[in-house]
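One-letter residues, chain by chain:
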Amino acid sequence: MSDSQAPARPIALAVWLMAAGVVGWIAAFSLTIERFHLLADPNATASCDFSVLVQCTANLQSWQGSVFGFPNPILGLTGWAAPVVVGAALLAGARFNRWFWLTFWAGMAFAFAFVCWLIGQSIFALGTLCPWCMVTWSVTIPSFFAVTLHVLRNGAVPVSDRIRQIAGTLAAWVPLMAVVAYAVIAVLAETRLHVLATLV
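Model, not experiment: these values are computed from the prediction. (Residues numbered from 1 in each chain as written. Predicted model: local features only at pLDDT ≥ 70, side-chain atom pairs only at ≥ 80, totals over all residues. Heavy atoms only, no water.)

K.L.:
Provide a residue-level description of the overall build of the protein chain, including the pertinent values.
P.N.:
From N to C terminus, the protein chain includes nine helices and zero strands. For the protein chain, the succession of helices and strands along the chain, N to C, is α-α-α-α-α-α-α-α-α. Taken along its principal axes, the extent of the C-alpha atoms in the protein chain is 65 × 35 × 25 Å. For the protein chain, with 200 residues in total, the buried portion stands at 39%. (Helix = DSSP H or I, 4+ residues; strand = E, 2+ residues; numbered from the N terminus. Buried < 20%, exposed > 50% of the residue type's maximum accessible area, 1.4 Å probe, protein only.)

K.L.:
I'd like to hear about the UniProt feature "domain: Vitamin K epoxide reductase" (unreviewed entry) in the protein chain, residue by residue, with values.
P.N.:
As recorded in UniProt, the sites labelled "domain: Vitamin K epoxide reductase" (unreviewed entry) are residues 10-151. Structurally, residues 10-151 comprises 73% helix and 0% strand, and the distance from its first C-alpha atom to its last is 11 Å. (UniProt positions renumbered as here; feature names shortened; annotations may be inferred.)

K.L.:
So what's going on with the UniProt feature "transmembrane region" (unreviewed entry) in the protein chain? Residues and values would help.
P.N.:
Using the residue numbers shown here, the UniProt feature "transmembrane region" (unreviewed entry) corresponds to residues 12-33, 74-92, 99-120, 126-149 and 170-189. Across residues 12-33 one finds 100% helix and 0% strand; the C-alpha atoms that close the span lie 32 Å apart. The straight-line gap between the two end C-alpha atoms of residues 99-120 is 31 Å; of that span, 100% is helix and 0% is strand.

K.L.:
So, unusual backbone geometry: which residues are in play, and what are the values?
P.N.:
Across the chain, the bulk of peptide bonds are trans and the bulk of non-glycine residues have phi less than zero. Phi is positive for His194, close to 55 degrees, though the residue is something other than glycine. Checked against the element boundaries, His194 lands in the loop between α8 (174-193) and α9 (195-199).

K.L.:
So what's going on with the packing of aromatic side chains? Which residues, and what values?
P.N.:
For the structure shown, the criterion picks out 15 aromatic pairs. Seen from their ring centres, Phe110 and Phe114 are 5.9 Å apart, and the 10 degrees between their planes marks the pair as stacked. Of this pair, Phe110 and Phe114 both sit in helix α5 (residues 98-126), four residues apart, which is roughly one turn of that helix. Residue Phe110 is classed as partly exposed on the basis of its relative accessible area of 44%. Given a relative accessible area of 13%, Phe114 falls into the buried group. Relative to Trp117, the ring of Phe114 lies with its centre 6.1 Å away and its plane at 10 degrees, an arrangement referred to as stacked. With Phe114 and Trp117 both in helix α5 and three residues apart, this pair spans about one turn of that helix. Residue Trp117 is classed as partly exposed on the basis of its relative accessible area, which comes to 31%. Within the aromatic cluster, the residues linked to one another by ring pairs are Trp63, Phe68, Phe70, Phe110, Phe114 and Trp117. (Phe/Tyr/Trp six-rings, centres within 6.5 Å; stacked < 30°, edge-to-face > 60°.)

K.L.:
Outline the side chain of Thr148, listing residues and values.
P.N.:
Here Thr148 is to be found in helix α6 (residues 131-153). Here Thr148 falls in the buried class, since its relative accessible area comes to 15%. A distance of 2.8 Å separates the side chain of Thr148 from the backbone oxygen of Phe144, its partner in a polar contact. (Polar contact = N/O pair within 3.5 Å; in protein donor to acceptor, adjacent residues only side chain to side chain.)

K.L.:
Mind laying out the layout of surface pockets, listing which residues take part and the relevant values?
P.N.:
Size it by volume and the largest pocket reaches roughly 690 Å³. Lining the largest pocket are 34 residues; nearest its centre among them are Leu75, Gly76, Trp80, Phe114 and Thr136. For the lining of the largest pocket, the secondary-structure elements that each account for two or more residues are α1 (11-40), α2 (57-61), α3 (73-79), α4 (81-91), α5 and α6. When residues in the lining of the largest pocket are grouped by element, the largest group, twelve residues, is from α5. (1 Å grid on protein atoms, 1.4 Å probe; cavity = no way out; pocket = protein on both sides within 12 Å on 5 of 7 lines; lining within 4 Å. Points joined across faces, edges and corners; volume = space filled by probe spheres on them.)

This is how it looks when you write it as structure tokens:
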């Protein structure tokens, strides 16, 4: 295949992955520091505690905050490095094999599913909204959408040409898809926690 026939590099995806990875890593690092602070002083409160509703402490000290036997933010410290590396490699012109994209997609799917579960736990079980957690949600959701559409359109997932075309078209709508997802979360939070009432 000549250079003129080769598929264009997914520059927008690459830039987004790098930006999302940095933002997600910062959120994970901040939560990790807060967790260390709480471990050192169980009577302390996290610096991101703004009210009974908007806080980090309840989330970090709950069992949901250490599902795998260690603080969840540690997953972010390791996991968010991957999008940064993949994004940088794409910008540099790297082309990955099908198995690589499927593995990366599986990782993003796990992150998305875990975040969805944490959102449900935060709203319906803990009754709190953790600021740094919400930052993580805000970059995980569109990252999953973007990577999913990319693996559909680049042939990593064997689908029909029609599906590939649709995925390519929808890629431009990832920001809107993310906004819709945020709106759904906001509605759920308001319905369950009456967030607006606490601001009055």
